[in-house]
Every structure is written in structure tokens, then in C-alpha cells.
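Examination of the molecular architecture
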Amino acid sequence: MPAAFLRPLRLLAATALTLPSAAPLPAAFAATAAAFFAATTAPVAVAAPAAAPAPKPRLSERAAEKLEPLKKLLDANDLNGLLALADEILAAAEPASFDQALFSQIRGQILLNLKQYPAAIAPLETALNLGETRAYFGRAEILNLLQTLSQVYYQEAAETKDTAARLRNYSLAIARIRRWTELSLRPTAETRLYTATLLYSAAAAANPEKPDPAKLREALAEADESLLLRRAPHEQTLILAAAVHQQLGDTTAAADTIERLAAINPASALYWQQLFGAYSILANEAKHPRDQKKWRLRMLLTLERAAERGHLGTAADLNNKIALLFVLGQFDRAAALLEDALDTAKLPVTRQNGELLAAAWQRNGATARAVAALRKAVEKLPADGALRLTLARILRDNGDTAAAYAQARQAAATKLDKPAAALLFLAHLAYELRDFAAATAWLDDAAKHPDTDAKYLASLRTAIRDAAPQPTPSTSSSTPSTPPSTPSTSSSTPSTSSSTPSTSPSAPSTPSSTPSTPSSAPSTPSTSSTSSTPSTTSTPASPATPQKTPLKKN
């Protein structure tokens, strides 16, 4: 698996809980306007027993005189006129008076409607402070102020580029919404989710690459509370929970959460991609073969479940599925799927795919189909000398040395990455066919390359010399010497037993210049959803690292 997949997938929360647009002014001021007229029409308080409730706060006469013009401006939705009137009243208000508390609240609301959010903070904080400490406002008004201030601080934190200011604003936003939760008789699932989003954002405020784990755990606790307050699983809350699990490195919990997301919204391709990626990480990190197999089976099932819904159907996903079938030992399914993909052009005919198909058929004991697959690939790619050498190798291993020699000679006429090994292979084939002059010529050509295996070349020369007919007849013959086994340039191809011609001496092991069928399982495929050109190896390829768009947090 590519190293990039060892990093967390970072499924980011997509909860859009930034400050909403201010409501139309008349609606926003409905409660405040009612308070104006209630204050002016309420009877004068008289002495009461100690147990009687405290009298309601009243506006001063100066402020009360401004109610009628304020109402006219309110009806006309004249925001600037309202702001000027509020400023006039506040300038004359006594410190810590009800006038100051009420018109600070009004001034803050006007500024919100004018979208002057930073300027609205100070008057709203004044209204909150006086409203609580002097009992000027009831629970509903205090809760509204707390929620509004939290949202304003949140927006300011999201928009500022100054790290210290961002951290301070997040801290204030969290403090205000937690105070809201303390005072509220019925904390809602929405408020819990909003708090979780705040904490998640604050965790990465200082260093996005290393979020604060303590705040992440607090965010997860709030998200869990939000889920408990709902009758049914909530998509946005689960997105945030999955993101926290990934940031904390708990891939198993993240996968379980993304499974719930896929169940809620199976139409989302992103959930299937992220689920496949999570299982891929778990398979890669598993130490025990049993666990590796479990997670790879989950990867395979995720691909199949997604395909049923029209997702994860790219060429890279198809490559992933074939690789998984191969690594899980389901060679018959791998061969059938790859053969169909090549015949229907779902996958390109390449050297790797041709070799992989042949390897799958060989693992199923279908050598004839393996040869046929390679012949078909060679027909499509006649200039690929390495592919011809692979065909020659399997033909030789199955006893058809003459056909192998013909393919290898055509391969030698093309540009090869390792021509010396190919020439040694040709010399060996000519030796087996008892064409000792040709074998010697191929050896001479191989000797011109600096990367030739000199030891093997010398041993093969000795074998050819001993096997070639002697000019002077001898009364007794001796068994030609057999050179030592030749080191191969790649892993050996699974094949049937080689048939050495009875008329030739024992042949040395054939050098290979081509990739061959893997003898062990390939590595776990990646989570790529983009097509990539397979490499020149016969193991199922791990497609390139995907450039997926994670769910972004606004």
C-alpha cells in the first residue's frame, strides 16, 4: 500500500453551523418591542412582603419618551435611524441601568442586521452582563444573547487569520454555548452538534496537522450526546464523529461510523470511498494473517456493495477488486473478472494485465488458458519484447521449446530493459534444441553487455562445448557436464514440469529476463478511485494514491 495511506483519512465535518443571516428586524425585535410597552404601562411597584417577586425593571422617563419614534423607525425598517436613536439613548443612560441593558441589546441586534458582526459584540456582552447580574432579563432573553454571542464569536474565529485571535474567539464561543447549555431546561441535539463543531474547529485552530486531542475527545462526547437526543441517526453528527475518530487514529471506530453513514445515505459515493480507505488502512496495519484477511474481505465487500449502487466502478476500482481476489486466493474469480475486463476494454491490454491474467489461470491449473491469454496480449502488443519473453518462458516450461525459441528471438529484436538476460535465455533455448552454433552466437552477444551474469555465461559455454559433437570419434562417450543453476532476474513462474529433450544433455536453469507470476500474495490494494497505468510486474497493482475530495468543514 502506498505510504500516503498510512496517514489518517481526515474525513472532515461538513456541518454548516456558521452564523446565520440576521432575521428581519421586526421579527428580531418582537420580544424587545413588547418589553418596551410592558415597561411603560406596568403599574408602579409598591412595597411587598419579602417573599413577593422583585419588581420588573422600568425604563427611565427620558428613554420612555423615545418609544414612539422608535416604533415608527421599527415599522419603516430604518436600521440607520434606529441605530442613531439607540446611540442617543445610551449616551444619556445611567451606568448599569435598565436603559443601558435594554438599548445595548437593541443596538447589538441592529448591528447584526447591518452585518457589522464585530461591532455587535460589545453591546451584546453589556446586555448579557447587566441582564444576568441585575436580573433585567428573563431566561429566554439570556439564552438568546448567549446563543447569538457564541455564533458571532464562531464566525469571527473562522474568518480571522491571526492564530491568537482565532483561539480567543473559539474559547469565547465555547464558553457562551456551554453557559447556554447550563441554563437551558432542554438542551437540544442541534445545540450539542453545534458545540461539537466548535470544539472540533478549536482543536485544529493552533495546528491543523496536530489537533488538540483533549478538545477532539470533548467534541466526540458532545456528538454522542447529540445522537442520544435524536430518534434516528443524524448524518451531519455522524460525519463529525467519524472525523474525530480519524483524527484520534481510531480507524476501527471511524470505519464503524462510516458504515452507519453509508447505511443512512448509500447514494453518497464519498462514504463508500472513505469506507474502503478505512478498511484498507486496517488491513495494512494488521499483524496477524487472520486479521489481514478479515479486513481485506471487508474491502472486497465494500467494493461489491458500492458497485450495486453505481459507485466505485472506475478502472482503478476494478484493479483493486482483481488484486483483492488474487490476494485472497480467489484466482478463478480474479481470472474471469480480468479476462472480461480486457475483452470489454474496461481495462487496457498491458504487459502487467496480460501477465496477471496468465498467472491467475496458472494458479487455477489452466495452463492452456494462461498461454492463450499471453498470446492474445502479444497480438495486441507486438512490440513489447518483455511480454513475448514471458510467453516464451511459459512455453518452454511446458515443453514447447521450439515455440519458446521463436518467441524469444522476436523479443530479442525489440528494445528490452535487460537485453543480456534475454540473450542468455536464447542461448539456453538454443542449447536445449541442440543448435550449439546459435547458442554460442547468443552467448557472444550477451558477453558484450556489462550486466551479463559472467559466471552463468561461462558455465553455459562449458555445457555447450561438452555437448557439441567432437571432430574425432571417441570409443567411449562421457556425460556432458551440467553448469550450475542460473540465478534468475525475477521470481520463478509457476509452471508444469519442464521437458528436457532426450537427445540433449541436462540443461542449466533458464535465465529469465521477464517478470513472472507471483508466488506469494500481492500487497493490499489502495483506495484509489483514479485510473493508473499498471507497472511491469505480474502482481496485482496497487493503484496510485487517490486525490479524493474530503468532506470539508465550512
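Let us look at the structure shown here. (Residues numbered from 1 in each chain as written. Predicted model: local features only at pLDDT ≥ 70, side-chain atom pairs only at ≥ 80, totals over all residues. Heavy atoms only, no water.)

Our next topic: the nonpolar core. Judged by nonpolar contacts, the single largest core of 59 residues is most densely connected at Phe103, Phe137 and Leu198. With nine residues, helix H8 (residues 139-159) is the largest single contributor of residues to this core. Formed by 55 residues, the second largest nonpolar core is a distinct cluster that contains Trp361, Ala366, Leu423 and Leu460. (Core = buried A, V, L, I, M, F, W, Y, C linked by side-chain atoms within 4.5 Å. Buried < 20%, exposed > 50% of the residue type's maximum accessible area, 1.4 Å probe, protein only. Helix = DSSP H or I, 4+ residues; strand = E, 2+ residues; numbered from the N terminus.)

One non-glycine residue, Ala345, lies in the positive phi region at around 65°. Its relative accessible area of 64% is what places Ala345 among the exposed residues.

A few words on the packing of helix H22 (residues 419-432) against helix H23 (residues 436-446). Their axes nearest at 8 Å, the elements H22 and H23 cross at an angle of 165°. Classified by the interaxial angle, the pair formed by H22 and H23 is roughly antiparallel. Our pair here, H22 against H23, has a crossing hand that is left-handed. Contacts between H22 and H23 involve Ala420, Leu423, Leu424, Leu426, Ala427, Ala430 and Tyr431 from the first element and Phe436, Ala438, Ala439, Trp442, Leu443, Asp445 and Ala446 from the second. Its residues placed into classes, the contact of H22 with H23 shows 13 nonpolar, no polar and one charged. (Axes fitted to C-alpha atoms, helices over the stretch in contact; angles between N-to-C directions. Parallel < 35°, antiparallel > 145°, perpendicular 65-115°, else oblique. Left-handed = near helix turned anticlockwise from the far one by under 90°. Contact = heavy atoms within 4.5 Å. Nonpolar A, V, L, I, M, F, W, Y, C, P; charged D, E, K, R; others polar.)

A rise of 1.5 Å per residue sets the reference length of helix H12 (residues 235-247), with its 13 residues, at 18 Å; its end C-alpha atoms lie 18 Å apart and thus fit the reference within 8%. Across the 13 residues of H12, eleven count as buried, placing the element largely inside the fold. The complete set of buried residues in H12 reads Thr237, Leu238, Ile239, Leu240, Ala241, Ala242, Ala243, Val244, His245, Gln246 and Gln247. For H12, the secondary structure elements touched by its buried residues are helix H10 (189-203), helix H11 (213-228), helix H13 (251-264) and helix H14 (269-285). Following H12 by one or two positions, Gly249 has its phi on the positive side, about 80°. (Expected span 1.5 Å × (residues − 1).)

In this model helix H15 (residues 289-308) runs 29 Å from its N-terminal to its C-terminal C-alpha over 20 residues, within 8% of the 28 Å that 1.5 Å per residue would give. When H15 is considered as a whole, its buried residues turn out to be Trp295, Arg296, Met299, Leu300, Thr302, Leu303 and Ala306. When H15 is viewed along its axis, its buried side chains cluster within an angular range of 150° and face the same direction. Those residues of H15 that are exposed and angled more than 90 degrees off the buried face are Arg290 and Glu308. The inward-facing, buried residues of H15 abut H14, helix H16 (315-327) and helix H17 (331-343). Gly310 sits one or two positions beyond H15 and adopts a positive phi of about 85°. (Arc of directions from axis to C-beta.)

It is worth spelling out the environment of Ala205 at this point. As for its position among the elements, Ala205 is in the loop between H10 and H11. The class for Ala205 is buried, based on a relative accessible area of 6%. Every residue in contact with Ala205, bar those within four places of it in the chain, is listed here: Thr163, Arg166, Leu167 and Tyr170.

As a further point, take the packing of H16 against helix H18 (residues 351-363). Remark: H16 packs on H18, axes separated minimally by 12 Å, with the N-to-C direction vectors making an angle of 30°. With respect to H18, the element H16 is oriented roughly parallel. In the packing of H16 onto H18, the handedness of the crossing is left-handed. Judged by residue contacts, Asn319, Ile322 and Phe326 of H16 engage Asn353, Leu356, Ala359, Ala360 and Arg363 from H18. Residue composition of the contact of H16 with H18, by class: five nonpolar, two polar and one charged.

These figures capture arrangement, not role.
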